[in-house]
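Below, each chain spelled out in residue letters.
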Amino acid sequence: MNLASIPSPSTGVIELGPIPLRGYAFCIIIGVFVAVWFGNKRWIARGGKAGTVADVAVWAVPFGLVGGRLYHVITDYQLYFNEGENWVDAFKIWQGGLGIWGAIAFGAVGAWIACRRRGIPLPAWADALAPGIAIAQAIGRWGNWFNQELYGKPTDLPWAVEISEGVNRVAGTYHPTFLYESLWCVGVALLVVWADRRFRLGHGRAFALYVAAYCAGRAWIEYMRVDEAHHILGLRLNVWTAIIVFVLAVVYIVVSAKIRPGREEVVEPDRTAPAKLSDEDGPDADGSGKDGSVKTDAAEQDADAKKDPFTKDEPGEPGKGRTAGSTEAAAEKS
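Residues numbered from 1 in each chain as written. Predicted model: local features only at pLDDT ≥ 70, side-chain atom pairs only at ≥ 80, totals over all residues. Heavy atoms only, no water.

1. Points about the nonpolar core
Counting residues in each nonpolar core, the largest one holds 39 residues, and the members touching the most others are Trp 43, Val 56, Trp 101, Trp 125, Val 192 and Tyr 210. Listing elements by their share of this core, those giving two or more residues are helix H1 (23-45), helix H2 (52-75), helix H4 (100-118), helix H5 (122-140), helix H7 (177-199), helix H8 (205-224) and helix H9 (237-259). Element by element, the count of residues in this core is highest for H8, at nine residues. Among residues more than four places away in sequence, those in contact with Trp 101 are Tyr 71, Tyr 214, Cys 215, Arg 218, Asn 238, Thr 241, Ala 242 and Val 245. (Core = buried A, V, L, I, M, F, W, Y, C linked by side-chain atoms within 4.5 Å. Buried < 20%, exposed > 50% of the residue type's maximum accessible area, 1.4 Å probe, protein only. Helix = DSSP H or I, 4+ residues; strand = E, 2+ residues; numbered from the N terminus. Contact = heavy atoms within 4.5 Å.)

Here you go:
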């Protein structure tokens with residue numbers, strides 16, 4: 001007997017006046033807006049222009065939606081092309097069914113095209129957007145709650161989700177895998193933000209960290225699901241995909257750190273490197289002060305002073321180090 005549970009919506013449609021908006025689509029839209037907003041803030045902090053993330057997203061989002069739907073339809077073709085099924089349903093994206101693997105892959109193609117057109121490095125753009133994508137996934141997973149889909153095994157835990165009787169589902173309480181993945185994605189976003197600040201990740205490594213961290217969670221969450229799926233050697237197809245992509249992401253982080261250490265200083269061709277930020281209590285580890293200006297060490301300052309004949313007076317020769325402006329000013333006073 002369940003003492004508490006998460007009720008599912010009685011309908012997956014949100015009525016906005018005369019306009020019906022499906023909960024699944026609403027969650028996807030909100031997630032995209034949040035990802036672009038947060039990505040834009042990170043891009044500006046990296047020295048990029050405001051609006052660049054949105055301009056690239058105009059290409060990446062449609063490609064991602066097409067790729068996500070294609071992956072779902074191909075891997076779950078039996079839902080649309082088996083006997084008794086209507087193949088037209090493959091185009092009804094509002095009923096749910098977006099594969100994140102296809103969405104990221106095709107979205108990257110769209111982003112690559114846009115970045116090429118603007119002359120900016122795709123890895124830097126991906127690094128800026130990485131935690132925003134994780135947050136978008138966290139929001140988007142609640143679309144599955146509206147559709148009462150992608151739940152886990154039966155359970156009587158207090159946070160079990162209530163599923164009503166319907167097509168291809170039996171009424172009961174189940175593990176809310178949509179909630180597990182949503183919370184995991186929030187954790188992934190926080191991890192990427194922290195690691196990016198701590199280690200100054202660049203050249204696509206922040207994005208690779210997001211991919212690896214997401215795959216680590218997706219593997220065990222996917223294992224809990226009970227919806228129909230293809231299996232290979234006893235594991236669901238998406239579990240294998242998560243394992244393979246996780247390994248590739250980790251390899252990329254290691255190899256990239258050796259080949260291209262550090263971070264891109266300039267992310268847009270007509271922009272200069274951003275001023276390095278510092279802590280409130282003193283200069284940062286990179287030598288920058290409270291005002292964000294970059295300071296050189298004492299040796300560099302002394303070397304510059306020796307090179308510049310106008311920095312100070314030499315002993316025994318007062319006035320030798322004065323600038324031309326100060327000499328003229330003295331002449332006018334006399």
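2. As for the pairing of strand S2 (residues 19-22)
Here four bridges tie strand S1 (residues 13-16) to S2, and the two strands are oriented antiparallel to one another. Residue pairing in the sheet places Leu 16 in a bridge with Ile 19 of S2. Counted between consecutive antiparallel strands, the loop separating S1 from S2 contains two residues, among which Gly 17 sits at a positive phi close to 65 degrees. (Pairing = 2+ DSSP bridges.)

3. Thoughts on unusual backbone geometry
The phi angle at Gln 148 is positive, at roughly 50 degrees, despite the residue not being glycine. One non-glycine residue, His 203, lies in the positive phi region at around 55 degrees. You can see His 203 is positioned in the loop between H7 and H8. Judged by relative accessible area, which is 9%, His 203 ranks as buried.

4. Let's talk about the environment of Phe 33
One can find Phe 33 in helix H1. Along the backbone, Phe 33 and Ala 54 are 21 residues apart, and their C-alpha atoms lie at a distance of 9.2 Å.

5. Focus on the environment of Val 211
As for its position among the elements, Val 211 is in helix H8. The spacing of Val 211 and Leu 248 is 37 residues in sequence and 9.4 Å in space, taken between C-alpha atoms.

6. Notes on the pattern of salt bridges
All told, the structure shown has twelve salt bridges when counted by the stated rule. For Asp 55, the salt bridge goes to Arg 118, with nearest N and O atoms at 2.9 Å. Placement of the pair is Asp 55 in helix H2 and Arg 118 in helix H4, with a sequence separation of 63 residues. With relative accessibility at 37%, the residue Asp 55 sits in the partly exposed group. We note a salt bridge from Arg 236 to Glu 222, for which the minimum N-O separation is 3.0 Å. (Salt bridge = Lys/Arg side-chain N within 4 Å of Asp/Glu carboxyl O.)

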